[in-house]
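# Residue-level structure breakdown
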There are 2 protein chains.
Amino acid sequence: MTLELVSKTQCFDGSQCQYTHRSSVLDCAMRFSVFLPSQAEKDQRFPVLYWLSGLTCSDENFSQKAGAQRMAAELGIVLVIPDTSPRGDEVMDDPGYDLGQGAGFYVNATEEPWRAHYRMYDYVVDELPSLIEAHLPVSERRAICGHSMGGHGALTIALKNPARYTSVSAFSPICNPMACPWGEKALGAYLGPEKSAWEEYDTTVLMGRASEQLPILVSQGEDDPFLEEQLKPEALEAAASAVQYPVRIEYHAGYDHSYFFIASFIEQHLRFHADLLLAHE
Amino acid sequence: MTLELVSKTQCFDGSQCQYTHRSSVLDCAMRFSVFLPSQAEKDQRFPVLYWLSGLTCSDENFSQKAGAQRMAAELGIVLVIPDTSPRGDEVMDDPGYDLGQGAGFYVNATEEPWRAHYRMYDYVVDELPSLIEAHLPVSERRAICGHSMGGHGALTIALKNPARYTSVSAFSPICNPMACPWGEKALGAYLGPEKSAWEEYDTTVLMGRASEQLPILVSQGEDDPFLEEQLKPEALEAAASAVQYPVRIEYHAGYDHSYFFIASFIEQHLRFHADLLLAHE
């Protein structure tokens, strides 16, 4: 596996980069973004925060709008921002913004016509970290965070792989995709009608099956237009309460679903992860 | 004159807003963005930093990419971000990205077919501040800042109106538009062939005519691809030196012309202005 550098821009004394590579898991060319803090010492290795974006996003939205590089530079954390689905002319798509390209939902599809390429779960859990750890100055300490569909991705991936991450956080996550329109549409298409398969990708179910507990922080705006119909943080609260999983859910009056909300609280999320990412280094 | 609120999003406990209004100066509908810090007290009035954007930008680029709201909220400064030209189907345009809509150059055009609408100088100096000061919780203390074409706009406007601003700063400004391709094309189109008219909008000329000195900060990336052909900060240095105008020009190794450069140093610019904007309040 090789990485091709597409762009490199200095930012807060570090580097904001875009890379492309051929993904064997997704069977297509993929692009991702990375922020690398300035290296104080040769051979310095940084822990990594993976950021999973929401519907319609690419690797660029978080890179350009969240203002995360300032604190990542200060704390010494690498940011890795994958795309939200496989891409390209040879990859199946759907006219809806909430299915197909830009809407991979971080699952491994089992159904036609999606199964050939839509394996974002394996891509984010295995292939991308292997690539990052082989080619960039990073340690094997990882945390994961995301927004909306990406918040769902971060929570489900961390709950299924607690040994791979120090911590997980989410902005406005889709907490219970089995019971909301976005999730029903996407999980139905990618996984078929059998709901036992959907349970593998639903935070409220996975929380009850967790054998190990990770620190979790969730931030939710109270003026988010998707709050009641799509996001359902109360289902996450109930699931966590039922198994005594300590989840910190913070509600913020007046905030909506946009990157202006993320920008307002990204420093808190980075400091939350840094306390754990940097603790044993 | 009335303002119509288009959008309002909470950000760092303040509000990121877009407004539209009918501009009598530009004879078209205009949109601009505003960031308002959270009001600690009723009737609190904030000083204003006007931000002038570069070629191809609207009011949204700085709002979404610079990360300026964090410090504006902390310091208690309102940000006002106008568009870069008149807009609309009835407004003359040009196929080039560097003339017409998105490229007003902050001048009052005297030539056909531009003179009917292209009066961004009067819009930024008079009409927009009058509107802001009539409708929003601001004081009459103003500073001005901009990027590239907007850096040229900020410097020329402040040099011609030192009593209206406490301070001026610029990222990667077009310092000597009379002697670079972008400026020659735009000033020629908007003002005609007579170069004495261009001098009214060239920082290097206006500096020699200044009767009053303002604090000026200029930030320039050394890896900016437009540095030599278009921006010419050395001409600004020479002009300032010739009349002993104290300009602080800071060169930053490795940085380019992008918003990643602006994001990296916007805190410094906001603190520079805050020291002056808040000094006598």
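Per an unreviewed UniProt entry, chain A is named S-formylglutathione hydrolase, and its organism is Microbulbifer agarilyticus. Its UniProt record gives chain A a comment under Sequence similarities (unreviewed entry), which states: "Belongs to the esterase D family." Reading the Catalytic activity (unreviewed entry) entry of the UniProt record for chain A gives the comment "S-formylglutathione + H2O = formate + glutathione + H(+)".

This next bit is on the pattern of salt bridges. One pass over the full model with this rule turns up 32 salt bridges over all chains. For Arg-87 of chain B, the salt bridge goes to Asp-83 of chain B, with nearest N and O atoms at 2.8 Å. With a closest N to O distance of 2.9 Å, Arg-119 of chain B and Asp-122 of chain B form a salt bridge. Within this structure, Arg-70, Glu-74, Glu-267 and Arg-271 of chain A form a network of salt bridges that share partners.

To continue, consider the sheet that holds strand 7 (residues 168–171) of chain A. Residue and element names in this part refer to chain A. Strand order in the open sheet made by the 9 strands is 1-2-3-5-4-6-7-8-9, with mixed pairing throughout. A single partner strand is all that each edge strand has here, and the edge strands are strand 1 (4–11) and strand 9 (247–252). Strand-to-strand twist in this sheet, taken as the mean axis angle between neighbours without regard to direction, amounts to 20°. Bridge count between strand 1 and strand 2 (residues 14–23): 7 bridges; the pairing is antiparallel. By the bridge assignment, Thr-9 is partnered in strand 2 with Gln-16.

Next up on the list: the interface of chain A and chain B. Between chain A and chain B, the contact holds 21 residues from the first and 21 residues from the second. For the pair chain A and chain B, the two sides together bury roughly 1700 Å², of which 56% comes from carbon and sulfur. It is Gln-10, Gln-64 and Phe-260 of chain A in chain A that bury the most area against chain B; as a group they hold 36% of the surface buried on that side. Where chain A packs against chain B, one counts 0 salt bridges. Listed by contribution, the elements that provide at least two residues to the side of chain A that touches chain B are strand 1, helix 1 (60–65), helix 2 (69–75) and helix 10 (259–277) of chain A. Among the elements that make up the side of chain A that touches chain B, the one with the highest residue count is helix 10 of chain A (5 residues). When its residues are assigned to classes, the side of chain A that touches chain B shows 7 nonpolar, 9 polar and 5 charged.

As a further point, take the relation of the copies chain A and chain B. For the match of chain A to chain B, the screw axis carries a shift of 0.0 Å, the RMSD comes to 0.0 Å, and the turn is 180°. Taken together, the rotation and translation relating the two chain copies correspond to the operation of a two-fold axis. Residue by residue, 100% of the interface of chain A is reproduced at the interface of chain B, so both copies engage with the same surface.

The next subject is helix 4 (residues 149–160) of chain A. Residue and element names in this part refer to chain A. Helix length check: helix 4 (12 residues) gives 17 Å between terminal C-alpha atoms against 16 Å at 1.5 Å per residue, within 8%. The element helix 4 is largely enclosed, with a buried count of 11 among its 12 residues. The inward-facing, buried residues of helix 4 contact strand 4 (46–52), helix 3 (120–135), strand 6 (138–147), strand 7, helix 7 (203–209) and strand 8 (216–221).

A separate point is the UniProt feature "active site" (unreviewed entry) in chain A. All names here are of chain A. Sequence positions flagged by UniProt for "active site" (unreviewed entry) are, in local numbering, Ser-148, Asp-224 and His-257. These annotated residues cover 110 residues of sequence, and their C-alpha atoms all fall within 10.8 Å of one another, placing them together at a single site. Within the element layout of this structure, Ser-148 appears in the loop between strand 6 and helix 4. We classify Ser-148 as buried; its relative accessible area is 4%. Leave out the neighbours within four places in its chain, and His-257 touches His-147, Ser-148, Ser-172, Asp-224, Pro-225, Phe-226 and Leu-231.

To continue, consider the sheet that holds strand 5 (residues 78–82) of chain B. Residue and element names in this part refer to chain B. Within the open sheet, the 9 strands sit side by side as 1-2-3-5-4-6-7-8-9. Their pairing is mixed. At either end of the open sheet lies a strand with only one pairing partner, and these are strand 1 (4–11) and strand 9 (247–252). The sheet shows a mean angle of 20° between the axes of neighbouring strands, direction not considered. Packed onto the sheet, helix 9 (residues 233–243) meets strand 8 (216–221) and strand 9 and runs at close to 155° relative to strand 9.

The rules we used
- Starting afresh in each chain, residues are numbered from 1 along the sequence in its written order.
- Starting at A for chains and at 1 for ligands, labels are handed out in the order in which the entities are written.
- pLDDT decides what is reported in this predicted model: residues at 70 or higher carry local features, side-chain atom pairs at 80 or more are listed and counted, and totals for whole chains, interfaces and linings draw on all residues regardless.
- Only heavy atoms go into the side-chain values, all of them from the structure, while hydrogens and water stay out.
- UniProt positions are given in the numbering used here, feature names are shortened, and annotations may be inferred rather than shown by experiment.
- By salt bridge we mean one thing: a side-chain nitrogen of Lys or Arg within 4 Å of a carboxyl oxygen of Asp or Glu.
- Strand pairing is defined by DSSP finding a minimum of two bridges between the two strands.
- By definition, any uninterrupted DSSP run of H or I lasting at least four residues is a helix, any uninterrupted run of E lasting at least two residues is a strand, and each is numbered from the N terminus.
- Axes here refer to lines fitted to C-alpha atoms; in helices the fit is confined to the stretch in contact. Angles between the N-to-C directions go from 0 to 180 degrees.
- Contact definition: two residues touch when any of their heavy atoms are within 4.5 Å.
- Using a 1.4 Å probe, buried area is obtained as the accessible area two parts lose upon being combined, added over both of them.
- Each residue gets one label: Ala, Val, Leu, Ile, Met, Phe, Trp, Tyr, Cys and Pro are nonpolar, Asp, Glu, Lys and Arg are charged, and the others, such as Gly, are polar.
- A residue counts toward the fit only if its pLDDT is at least 70 in both copies, and the copies are then superposed by least squares on the C-alpha atoms of those residues.
- Multiply 1.5 Å by the residue count of a helix minus one, and that product is the helix's expected span.
- Note on exposure labels: buried denotes an accessible area under 20% of the residue type's maximum, exposed denotes more than 50%, and partly exposed covers the range between, all computed with a 1.4 Å probe on protein chains only.

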